[in-house]
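# Working through the structure, step by step
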Amino acid sequence: MESSKSEIVEEFRFFHVFKDGRLEFRIPQSTDTVPPSDDPITGVRSKDVAVSPDVSARIFLPKIPNSNTKLPLLFYIHGGGFCIQSPFSTQYHNYVQNLAARANVIAVSVDYGLFPKRPIPACYEDSWAALQWVASHANGGGPDPWLNDHADLARVFIGGDSAGGNISHTLASRVGSIGLPGVRVVGAILGHPYFGGTDDDKMWLYMCPTNKGLTDARLKPAAEDLERFGCERVLVFVAEKDHLVDVGKAYVEELKKSGWKGTVEIVENKERQHCFHLHNPQDEQAIAIQKRIVSFIHQP
């Protein structure tokens with residue numbers, strides 16, 4: 001009986017599945033967290049907001065020269081294999097805070113539901129709910145004064161890394177399909193995005209009990225979704241030694257030939273691993289990534 005309980009029946013990048021249904025994570029699901037703050041170095045203020053009973057977000061507000069200042073808004077979606085990490089971890093708090101300071105944007109970093117407590121598609125639906133919450137501020141009558149007073153919702157960017165890059169694609173596709181009243185999504189920024197075409201597909205399918213197989217549009221972007229992609233510009237980052245480098249490049253090629261009328265750029269970092277810019281933000285190529293994101297957001 002004991003040997004049966006300890007028998008591993010599925011092995012994925014982030015966790016094992018035992019015969020009795022238990023999961024064992026290779027990387028701890030809980031991460032160190034930091035509270036929102038007024039950062040004395042960057043001058044960025046942050047606070048946490050409730051979007052719904054299941055969804056929250058951390059908002060980052062850079063220095064505002066006067067009360068009438070309107071800034072672009074970056075809607076950021078963290079990575080972590082759909083099962084770990086949060087906007088409140090030290091890693092993501094620091095990363096998004098620095099982006100807000102460098103790019104001079106209001107950033108909204110969404111805390112979406114994670115597997116196994118909330119299986120896929122919770123991550124997509126929670127992120128969409130948070131984006132709709134942002135859109136509720138379009139006429140200055142939303143629940144958050146920072147967004148009412150300072151967010152220019154005609155200059156919205158959706159971005160994320162790894163799993164967050166995948167979710168970013170799905171949100172932009174939904175904007176193109178059904179719209180987002182009061183909001184103009186100018187661009188999407190996908191850092192080392194996950195899409196179908198690797199061994200990780202088995203893990204995604206396991207985490208999404210309602211999946212539609214390997215042709216699921218969230219796993220393998222559908223041609224019609226790419227054609228009506230809901231923004232004007234896309235910036236994709238890939239890393240040479242990342243196991244997702246080929247699917248990232250393939251995504252760019254599919255977007256180019258889809259009939260979509262926007263522009264897409266790809267930046268490849270040589271001799272770098274998956275999400276190196278998060279693990280080592282002082283790396284010269286990581287700094288270059290932040291600078292490229294800043295120029296992309298403020299491109300005329």
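Residues numbered from 1 in each chain as written. Predicted model: local features only at pLDDT ≥ 70, side-chain atom pairs only at ≥ 80, totals over all residues. Heavy atoms only, no water.

If you check an unreviewed UniProt entry, the chain appears there as Alpha/beta hydrolase fold-3 domain-containing protein from Nepenthes gracilis. Word for word, the UniProt comment on the chain under Sequence similarities (unreviewed entry) is "Belongs to the 'GDXG' lipolytic enzyme family." (UniProt positions renumbered as here; feature names shortened; annotations may be inferred.)

Before going further, it helps to spend a moment on the overall build of the chain. Assigned secondary structure in the chain consists of ten helices and eleven strands. For a compact globule of 300 residues, the expected C-alpha radius of gyration is about 19 Å, and the chain comes in at 19 Å, within 12% of that figure. When the backbone C-alpha atoms are referred to their principal axes, the chain occupies close to 70 × 45 × 40 Å. With 300 residues in all, the chain has 55% of them scored as buried. For the chain, the share of sequence-separated contacts (at least 6 apart) that also reach a separation of at least 24 residues comes to 72%. Accessible surface, the chain: about 13100 Å² in total, of which carbon and sulfur atoms supply 51%. With 31 positive and 36 negative side-chain charges, the chain shows a separation of 4 Å between the mean positions of the two kinds. (Helix = DSSP H or I, 4+ residues; strand = E, 2+ residues; numbered from the N terminus. Rg over C-alpha atoms; globule rule 2.2 N^0.38 Å. Buried < 20%, exposed > 50% of the residue type's maximum accessible area, 1.4 Å probe, protein only. Contact = heavy atoms within 4.5 Å. Areas by Shrake-Rupley, 256 points an atom, 1.4 Å probe, with all protein chains shown as cover. Lys, Arg positive; Asp, Glu negative; His and termini not counted. Charge placed at Lys NZ, Arg CZ, Asp CG, Glu CD.)

Core analysis: the biggest nonpolar cluster contains 69 residues, and L73, F75, F82, L147, F229 and V234 have the highest contact counts within it. Looking at which element gives the most residues to this core, the answer is helix 3 (residues 122–135), with eight residues. Dropping the residues within four chain positions of it, F75 is found in contact with V108, V110, S127, A130, L131, V134, F157, I158, G159 and L171. The next biggest cluster of nonpolar side chains, apart from the first, holds 27 residues, and it includes Y92, A107, F157 and I189. (Core = buried A, V, L, I, M, F, W, Y, C linked by side-chain atoms within 4.5 Å.)

In this section: the sheet that holds strand 8 (residues 151–161). Taken in spatial order, the eight strands line up as 4-5-7-6-8-9-10-11 in an open sheet, and their pairing is mixed. Across the chains shown, the open sheet's two edge strands, defined by having one partner strand only, are strand 4 (45–50) and strand 11 (263–269). Taken over all neighbouring pairs, the strand axes of this sheet differ in orientation by 20° on average, direction set aside. Pairing of strand 6 (residues 71–77) with strand 7 (residues 106–111) involves five bridges; the strand directions are parallel. (Pairing = 2+ DSSP bridges. Axes fitted to C-alpha atoms, helices over the stretch in contact; angles between N-to-C directions.)

The next subject is the pattern of salt bridges. This structure, assessed with the given rule, holds 20 salt bridges. Put simply, D20 and R22 hold a salt bridge, and the shortest N to O gap is 2.8 Å. You can call R22 partly exposed: its relative accessible area is 40%. Between R184 and E232 there is a salt bridge; the shortest N-O distance is 2.8 Å. With R184 in the loop between helix 5 (163–178) and strand 9 (185–191) and E232 in the loop between helix 7 (223–227) and strand 10 (233–239), this pair connects stretches of sequence that are 48 residues apart. Judged by its relative accessible area of 39%, R184 is partly exposed. By relative accessible area, E232 is classed as partly exposed at 36%. A single network of salt bridges, built from pairs that share partners, joins K249, E268 and K270. (Salt bridge = Lys/Arg side-chain N within 4 Å of Asp/Glu carboxyl O.)

Let us look at the layout of surface pockets. Approximately 410 Å³ is the volume attributed to the largest pocket. Together, 28 residues line the largest pocket, and F14, G80, G81, S162 and H274 are the ones closest to its centre. Those elements that place two or more of their residues in the lining of the largest pocket are helix 2 (90–103), helix 6 (200–207) and helix 9 (276–279). If you tally residues by element for the lining of the largest pocket, the top one is helix 6, at four residues. Grouping the constituent residues of the lining of the largest pocket by class yields 14 nonpolar, eleven polar and three charged. (1 Å grid on protein atoms, 1.4 Å probe; cavity = no way out; pocket = protein on both sides within 12 Å on 5 of 7 lines; lining within 4 Å. Points joined across faces, edges and corners; volume = space filled by probe spheres on them. Nonpolar A, V, L, I, M, F, W, Y, C, P; charged D, E, K, R; others polar.)

This structure, assessed with the given rule, holds 13 aromatic pairs. Here F195 and Y251 contribute two aromatic rings whose centre-to-centre distance is 4.5 Å and whose plane-to-plane angle is 5°, an arrangement assigned as stacked. Of this pair, F195 sits in the loop between strand 9 and helix 6 while Y251 sits in helix 8 (residues 245–256), placing them 56 residues apart in sequence. Residue class for F195 comes out buried when judged on its relative accessible area of 3%. Judged by relative accessible area, Y251 falls into the buried class, the value being 4%. By way of ring pairs, the aromatic residues F12, F15, F25, F115 and Y206 are connected into one cluster. (Phe/Tyr/Trp six-rings, centres within 6.5 Å; stacked < 30°, edge-to-face > 60°.)

Applying the stated rule across the entire model yields one cavity of 30 Å³ or more. Lining the largest cavity are 14 residues, and of these Y76, Y95, G160, I189 and I293 sit closest to its centre. At the level of secondary structure, the elements contributing two or more residues to the lining of the largest cavity comprise strand 6, helix 2, strand 8, strand 9 and helix 10 (284–297). By residue class, the composition of the lining of the largest cavity is nine nonpolar, four polar and one charged.

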